[in-house]
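# Examination of the molecular architecture
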Amino acid sequence: MSGKDVTTELPVEIGDPLAAKIRDSILGVETLRGQNRRLADEIKDLEVANLQLETEIQSLKLTLEQERAERRHYHSLANEIITRLDVVACTIDDVVKRAEQEVCSQRSKTPGAKLPDVEAPSFRKKVEDFVNAHKKAEAPVNGDDGDMAQAVA
């Protein structure tokens, strides 16, 4: 296009319906070309925006997967710690039972002697409470694909 408006340069005779139709058709074609250019520009803009959004989605998916992997890792560590604390609790239980047996055997050997009562360490009770609270607090969370969330008491 030369940039001139062709429709204004076309002379139309007052009584010529064919010339009027040709002029209207040329106007319609020019209007369609203008709309086509505008829509082509809009498509290019939308394609750029779409590419940016797709890149952002990929980045967010990658971040989400990394966070899920980190959560699974910490969940595994928490389970390992709980298992080890359970072993410690069992060991403490065994030590306390042996101490009680020792006290009982000493009392039976020397019935008149005053022996102190043996009490379980107070931290043993705290460990048991913590383990029990952890087992109760473990519950699935919506939308985490089967991963488990843990609440620490």
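Residues numbered from 1 in each chain as written. Predicted model: local features only at pLDDT ≥ 70, side-chain atom pairs only at ≥ 80, totals over all residues. Heavy atoms only, no water.

## Observations concerning the overall build of the protein
Within the protein one finds three helices and two strands. Written out in order from the N terminus, the α and β elements of the protein read α-α-α-β-β. Counting over 153 residues, the protein shows a buried share of 12%. Within the protein, counting contacts between residues at least 6 apart in sequence, those at least 24 apart form 47% of the total. (Helix = DSSP H or I, 4+ residues; strand = E, 2+ residues; numbered from the N terminus. Buried < 20%, exposed > 50% of the residue type's maximum accessible area, 1.4 Å probe, protein only. Contact = heavy atoms within 4.5 Å.)

## Comments concerning helix α2 (residues 17–109)
Over its 93 residues, α2 runs 133 Å from end to end, which matches the ideal 138 Å to within 8%, given 1.5 Å per residue. For α2, the capping residue at the N-terminal end is D16, with a side-chain oxygen 3.4 Å from the backbone nitrogen of L18. (Expected span 1.5 Å × (residues − 1). Polar contact = N/O pair within 3.5 Å; in protein donor to acceptor, adjacent residues only side chain to side chain.)

## Focus on the pattern of salt bridges
On inspection of all chains with the given rule, the structure shows four salt bridges. When the shortest N-O distance is used, the salt bridge between R38 and E42 registers 3.6 Å. One end of the pair, R38, and the other, E42, are both in helix α2, four residues apart, so they sit about a helical turn from each other. In this structure, E80 and R84 form a salt bridge, with 2.9 Å as the shortest nitrogen-oxygen distance. On the criterion of helical spacing, the pair formed by E80 and R84 is a turn pair, its members being four residues apart in helix α2. By relative accessible area, which is 37% here, E80 ends up partly exposed. (Salt bridge = Lys/Arg side-chain N within 4 Å of Asp/Glu carboxyl O.)

## A few points about the confidence of the model for the protein
Per-residue pLDDT for the protein has a mean of 81; in total, 72% of the residues score no lower than 70. Here strand β2 (residues 148–149) stands out as the element of the protein with the lowest mean pLDDT, 46, in contrast to α2, whose mean of 95 is the highest. Segment residues 146–153 is flagged for pLDDT under 50; beyond a separation of four residues in sequence, or across chains, it makes 22 contacts in the model. (pLDDT = per-residue confidence, 0-100.)

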